[in-house]
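Structural overview
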Amino acid sequence: MFLRRVTPSVFLILITFLCSAVLAAEDSDQSPFAVLSVDAPRPSQHVMGWVDSREVLSLNGSWKFLVDPMQVGTPGSLFGGWATTRVPEDEYQLLEYSYANAADIRVPGDFNTQFDELLYYRDTVWYQRHFDIDLSKQGRYHLWFGGANYKTTVYLNGQAVAHQSGGYVPFSIDVTDYLLLKDNDLIVQVNNRLDADTVPTERTDWWPYGGLTRDVMLVHTPEAYIVNASVQLDDDLSTVAGHVQTYGMSAGEEVVISLPEIDVSAITQTDDSGVARFKFEASLDQWSPSNPKLYEVQIASDSDQISDRLGFRTIAVEGTQIFLNGEPIRFRGISTHEEPIGRDGVAYSRADMDALFGEAKQLGVNFVRAAHYPYSRHAAKAADEMGLLLWEEVPIYWNINWENPETLRIARDQVARLVQRDWNRASVVVWSVANETTYSEPRMAFLNRLIQDVRELDDTRLVSAALLGDTRRELQHVVTYLAANGLASDIPSDREKRIFQQVINAAGDNAPRRNSSFNLLITDPLGELVDLVSYNEYFGWYYSRFIADQTGVSERTIRLLMLELMPKVTLASAFDKPMFISEFGAGAKAGKRGEGVRTEDYQANVYRAQFEMIANSPQVQGMTPWILKDFRAMLRSLGGVQDFRNRKGLIDENGRRKQAFYVLRDFYAGDWGRQ
Ligand code: GCB
């Protein structure tokens, strides 16, 4: 097709050009127009931890940036070669790209909000920078990425040194053998396109921010070094146990763990696989929201030393209660996304997290659900210091291809990297493996695998997943209760009462009595596998619209009746475990007051009704309403109201508080919050 349309002379030139391109494609038999892929090793499964105590060269700052919507830059493709910085030798040399003339971009940070024209962009981009190092030092150098969304290939001095699929989590590569003394050419190709097989998939109710969203650094270690270490307080509250993962050390190497402040240290030795396990007694002041005490912990071998400030606490469930350091606790929480207050884009710095969590604390919370993907390492560090309990999550969200082995591999990689990064953060008490996934056998097998992985890596925290109820069954129930209550109310018109009467007649013997209460039972079999049965419910918001559509009763009537019915609802699960309301909420445009949806008043009323429902439900031991701040969402296009933001925040994107903020704050200051 393409060849038939060109004239003969152009054809000759083109053939010559294509031949050289084909040769350059290293004997590839692919078409020169193909989008090529490059082979590169995967980063090590062992996450390099404790990096903040290491000697590092920060590679944050200004990088050069190219956009590649046609994916032509990959080495070997006709217009490609962007993986090496080249400058034309003279004015005759034809190059299709130039980093010298490229835009500047700030790292860390997403690219979408750094360039107006890239807000909705979901494809390939290229980052480039140079750096020098002091190679006179003995030891090894590791390129460390805090996270890159979502598919990343790293090129150093022209070599493809790593390929990582899946965003948000850290990965590192030992690049000692590829480094030069001066002018190292570091180029990173990142693609933020998602599809049906990725984690998450292409449909999410948050912005799929792309690029080098987290810190980048070159970490220096000795030849033989400590890769990571897990240090946990046992349930007896007086034993500290864990393990140290080393690299390049032979069996029998001595490793010392010490807490100088209490003058305690323990000596252990590496085994054949370079792992040193330890257990020792220590009398520690336990970490809690009211006492976020951190201790300096040092780990040293003959050749290496790392340190961090860690808190010590236990978390457990028994029956339907949650225990922190052996004491019952309720999680008074709020959900968040990783977006800063007052600026668009991803929250990437410690200052961003301090401000976001600081605002959460103003609500009187002791708990934050960091939905729906791993945040930067700064988040849990901030929470450790502020005394906030944290729920951390992987982006197994809505529709996941449960049957694709590569999807499972990426999901397991996300879980493993998140857990290994944050397993020493006292603030983190819940690992969540999924959000709102519907029941199927393949889903059970997939999530069961992830839950087992979490428990193998870290059996000291609670595992959960935000469940959906059995929506159809629930709605049928709710409709009959609404009808029974509606018949006794002044709100519905005569016509609507006739509809309600038909609903009651159809329910026959199962019809509820007027004013009777309604018990909503969570039965998802995933509840069997988790420690905390978490449930997202949107009473007062979505359900009302579905019911109005189904019954022909006006949405106004359904909404007003629903607010009356909610205080009579109790929430429970079929499992003898604590329940947690991981989401509820309602949208409101800040400053919009009065009647009807999307007003601050309606949102506040939904919160009030929710509190009555939750206070009626003894199994419920915590909640994280949706959500602290309005956030960017491609699903939310409604002009003048949403403008591509989800408006369920208690504050808007600039920090303006809505009425529901104060309603939640008062509730947490009251009896339920104090128990
Ligand atoms: C949910 C999702 C969350 C959405 C929220 C909403 O159930 O878990 O990601 O943003 O509802 O606002 O609809």
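All residue numbers refer to positions counted from 1 along the written sequence of the respective chain. Given that the model is predicted, a residue must reach a pLDDT of at least 70 before its local features are reported, and side-chain atom pairs must reach 80 or more before they are shown or counted; all residues, however, enter totals for whole chains, interfaces and linings. Heavy atoms from the whole structure form the basis of all side-chain values; hydrogens and water molecules are not counted.

Helix numbering and strand numbering both begin at the N terminus, where a helix is a DSSP run of H or I of at least 4 residues and a strand a DSSP run of E of at least 2. When its secondary structure is counted, the protein chain shows 13 helices and 32 strands. By its C-alpha atoms, the protein chain is 85 × 80 × 45 Å across when sized along the principal axes. To sort residues, take the accessible area from a 1.4 Å probe on protein chains only and compare it with the maximum for the residue type: under 20% means buried, over 50% means exposed, and anything in between is partly exposed. Relative to its 675 residues, the protein chain shows a buried fraction of 59%. Only heavy atoms enter the contact rule, under which two residues are in contact if any of them lie within 4.5 Å. Long-range pairs, those at least 24 residues apart, make up 73% of the contacts in the protein chain with a sequence separation of at least 6. Where accessible areas are quoted, they stem from the Shrake-Rupley method and a 1.4 Å probe; at the residue level, only the protein chains shown are allowed to cover. When the accessible area of the protein chain is evaluated, it comes to approximately 27100 Å², of which 49% is carbon and sulfur surface.

Another aspect to go through is helix α12 (residues 659-669). All of the buried residues along α12 are A660, F661, V663, L664, F667 and Y668. For α12, the arc enclosing every buried residue in end-on projection is 165°, short of the 170-degree limit, so these residues lie on one face. Residues of α12 that are buried sit in contact with β21 (331-336), α3 (350-361), α11 (600-615), β30 (620-623) and α13 (671-674). Note that the arc is defined by the directions from the helix axis to the C-beta atoms.

A pair of strands is treated as paired once DSSP finds two or more bridges between them. Overall, antiparallel pairing links the 3 strands, which are arranged β18-β19-β20 in an open sheet. Looking at the sheet topology across the chains shown, the edges are occupied by β18 (315-318) and β20 (327-328).

Moving on: the domain arrangement of the protein chain. Domain delimitation in this document rests on an assignment produced automatically or drawn from a domain database. Parsing the protein chain into structural domains produces domain 1 (1-34), domain 2 (51-221), domain 3 (225-313) and domain 4 (318-674). Computed over C-alpha atoms only, the centres of domain 2 and domain 4 are separated by 36 Å. As a working definition, buried area equals the accessible area (1.4 Å probe) given up by two parts on being put together, with both sides summed. Across the interface of domain 2 and domain 4, roughly 3300 Å² is buried in total on both sides, 59% from carbon and sulfur atoms. Sorting the residues of domain 2 by area buried against domain 4 places V199, D205 and W206 first, and these three jointly supply 23% of that buried surface. We count a salt bridge whenever a side-chain nitrogen from Lys or Arg sits within 4 Å of a carboxyl oxygen from Asp or Glu. The interface formed by domain 2 and domain 4 contains 5 salt bridges. With a shortest N-O distance of 2.8 Å, D52 and K381 are connected by a salt bridge. Two N or O atoms form a polar contact when they lie within 3.5 Å of each other; inside protein one atom must be a possible hydrogen donor and the other a possible acceptor, and for residues adjacent in sequence the pair counts only when both atoms belong to side chains. Seen at the junction of domain 2 and domain 4, the total is 21 residue pairs in polar contact (both at pLDDT 80 or more). Each residue is assigned to one of three groups, with Ala, Val, Leu, Ile, Met, Phe, Trp, Tyr, Cys and Pro labelled nonpolar, Asp, Glu, Lys and Arg labelled charged, and all others, Gly among them, labelled polar. Of the residues that constitute the side of domain 2 that touches domain 4, the class distribution is 17 nonpolar, 10 polar and 9 charged.

Residues in contact with the ligand amount to 14 residues; listed here are only the nearest, D205, Y397, E436, Y542 and K648. Separating an oxygen atom of the ligand from a side-chain N or O atom of W626 is a distance of 3.1 Å. Against a free-state accessible area of 320 Å², the protein chains account for coverage of 97% of the ligand. Class assignment for the residues of the shell around the ligand results in 5 nonpolar, 4 polar and 5 charged. Proximity is defined per residue: any heavy atom of the residue falling within 4 Å of a molecule or strand makes that residue near it.

This paragraph deals with the packing of helix α5 (residues 405-422) against helix α6 (residues 441-457). Lines are fitted to the C-alpha atoms to define the axes, a helix being fitted only along its stretch in contact, and any angle between axes, read from their N-to-C directions, falls within 0 to 180 degrees. Following both chains from N to C, one finds α5 and α6 inclined at 25°, their axes separated by 10 Å at the closest point. Classed by the angle they form, the pair α5 and α6 counts as roughly parallel. The two elements α5 and α6 cross, and the hand of that crossing is right-handed. Together, T407, L408, A411, R412, V415, A416, V419 and Q420 of α5 and F446, R449, L450, D453, V454 and L457 of α6 make up the contact between the two elements. The class makeup of the residues in the contact of α5 with α6 is 9 nonpolar, 2 polar and 3 charged. Our angle categories are set so that under 35 degrees counts as roughly parallel, over 145 as roughly antiparallel, 65 to 115 as roughly perpendicular, and the remainder as oblique. Handedness of a helix crossing follows the sense of rotation of the near helix relative to the far helix, less than a right angle counterclockwise being left-handed and clockwise being right-handed.

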